[in-house]
Amino acid sequence: MDKFRTLFQHFQSSSESVMNGICLLLAMVTVKLYSSFDFNCPCLACYNTLYGLGLLFTPPIALFLCGLLANRQSVVMVEEWRRPAGHRRKDPGIIRYMCSSVLQRALAAPLVWILLALLDGKCFVCAFSSSVDPEKFLDFANMTPSQVQLFLAKVPCKEDELVRNSPARKAVSRYLRCLSQAIGWSLTLLLIVLVFLARCLRPCFDQTIFLQRRYWSNYVDLEQKLFDETCCEHARDFAHRCVLHFFASMQSEMRARGLRRDSAGRGPETPERPEPPDGLDGGSGKAHLRAVSSQEQVDRLLSAWYSSKPPLDLTASSGLWGCGLSHRAPTVVPGTRASPHTDV
């Protein structure tokens, strides 16, 4: 169990590892989908090409979009591209690096599907059986052009009565399958060579720009994650204080109306203050959260975060970071009255 927890924490802390894992998972799903797919060519001259090419390229487009949706960095990249400059300038190099990283991972599953389809050859045979030059095969010498076109359209359907046990059908199918496999292996070799050159030649150039862009792209992703976590933490603390304030106000109203019943022979009991859960006390670690204590302040803070990201300089003036938020006393929730029994 500890090993699984350690592995889960590693994936949580490393978005790159998560994206690589999702990329591998999509590739495995692609192999499984293709192996379980029942391919049935219509064997009609007007539909063979459309069906074959559609099956060759439509699933890769869907897998590519799924890869973009599953990759969190695609959303972060678009947000970084479209955000107002504010106090932080936008670096096009970081956006290009993030775009390249997103596209590389999103293209893995579509390329796996295309390579599997080409190496298998069924889609290629269905799509281009009607486009074969009949002069390359001697078996079509005694057929009329219309008969040749009908025969070629039936080539992918080996159980059809017109082409069953026909040597010409086997010759055309074998020719197209070999051509498909040649294209598939050539594409595979090309991709391997490109990856090899990228890996081997990259250390030969200056790594400064690459390291800077990789660092800041990771920073943008982690910054957004930490902001979301801090917002959740503040929302929980703010909701907790509002609930405590509500109960304290109700106790004050009950005492004011004389609805509090004291035990006979005993004086009035001191109202007990609910104990806040661990981590929500007013310690110095939560001061930055408790300073924002009204709906107007929260809305201004979120608007300032979107429209004017703080500068990447911890020594900058705090006025650039505060964005005009007044750290006044906490605002009372509408419809309730302040109570001295609750620190809100």
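Scoring rules and cut-offs
Residues numbered from 1 in each chain as written. Predicted model: local features only at pLDDT ≥ 70, side-chain atom pairs only at ≥ 80, totals over all residues. Heavy atoms only, no water. pLDDT = per-residue confidence, 0-100. Contact = heavy atoms within 4.5 Å. Helix = DSSP H or I, 4+ residues; strand = E, 2+ residues; numbered from the N terminus. 1 Å grid on protein atoms, 1.4 Å probe; cavity = no way out; pocket = protein on both sides within 12 Å on 5 of 7 lines; lining within 4 Å. Points joined across faces, edges and corners; volume = space filled by probe spheres on them. Nonpolar A, V, L, I, M, F, W, Y, C, P; charged D, E, K, R; others polar. Phe/Tyr/Trp six-rings, centres within 6.5 Å; stacked < 30°, edge-to-face > 60°. Buried < 20%, exposed > 50% of the residue type's maximum accessible area, 1.4 Å probe, protein only.

A. The confidence of the model for the protein chain, seen in detail. For the protein chain, the mean per-residue pLDDT works out to 80, and 78% of the residues sit at or above 70. In the model, residues 262–284 has pLDDT below 50 throughout and makes 21 contacts with residues more than four positions away in sequence or in other chains. Taken as a whole, residues 320–344 scores under 50 in pLDDT and shows 47 contacts with residues more than four places along the chain or in a different chain.

B. Structural context of unusual backbone geometry. Positioned with a positive phi, C43 is a non-glycine residue whose angle comes to about 60 degrees. Looking at where C43 falls in the secondary structure, it is placed in the loop between α2 (15–36) and α3 (48–70). Within the chain, N165 stands out as a residue other than glycine whose phi angle is a positive 60 degrees. On the secondary structure map, N165 appears in the loop between α8 (145–153) and α9 (167–201).

C. Local environment of empty space enclosed by the protein. Within the structure shown, the criterion is met by 2 cavities of 30 Å³ or more. Approximately 60 Å³ is the volume attributed to the largest cavity. Together, M19, I22, C23, L26, G67, A70, N71, R105 and A106 line the largest cavity. Elements with a minimum of two residues in the lining of the largest cavity: α2, α3 and α5 (92–106). The residue makeup of the lining of the largest cavity, split by class, is 6 nonpolar, 2 polar and 1 charged.

D. Structural view of the packing of aromatic side chains. Applying the stated criterion to the full structure yields 11 aromatic pairs. Taking 5.1 Å as the distance between ring centres and 90 degrees as the angle between the ring planes, the aromatic pair formed by Y34 and W113 counts as edge-to-face. Of this pair, Y34 sits in helix α2 while W113 sits in helix α6 (residues 108–120), and the two are 79 residues apart along the sequence. The pair formed by Y34 and W113 is uniform in burial state, with each residue classed as buried. Ring geometry for F227 against W305: centres 4.1 Å apart, planes inclined by 5 degrees, an arrangement best described as stacked. In this pair, F227 sits in helix α10 (residues 208–256) while W305 sits in helix α12 (residues 295–307), placing the two residues 78 residues apart along the sequence. A residue is classified by how much of its surface remains accessible, and F227, at 15% relative accessible area, is buried. Judged by relative accessible area, which is 17%, W305 ranks as buried. The rings of F137, F140, F151 and Y175 are connected pair by pair, giving a single aromatic cluster.

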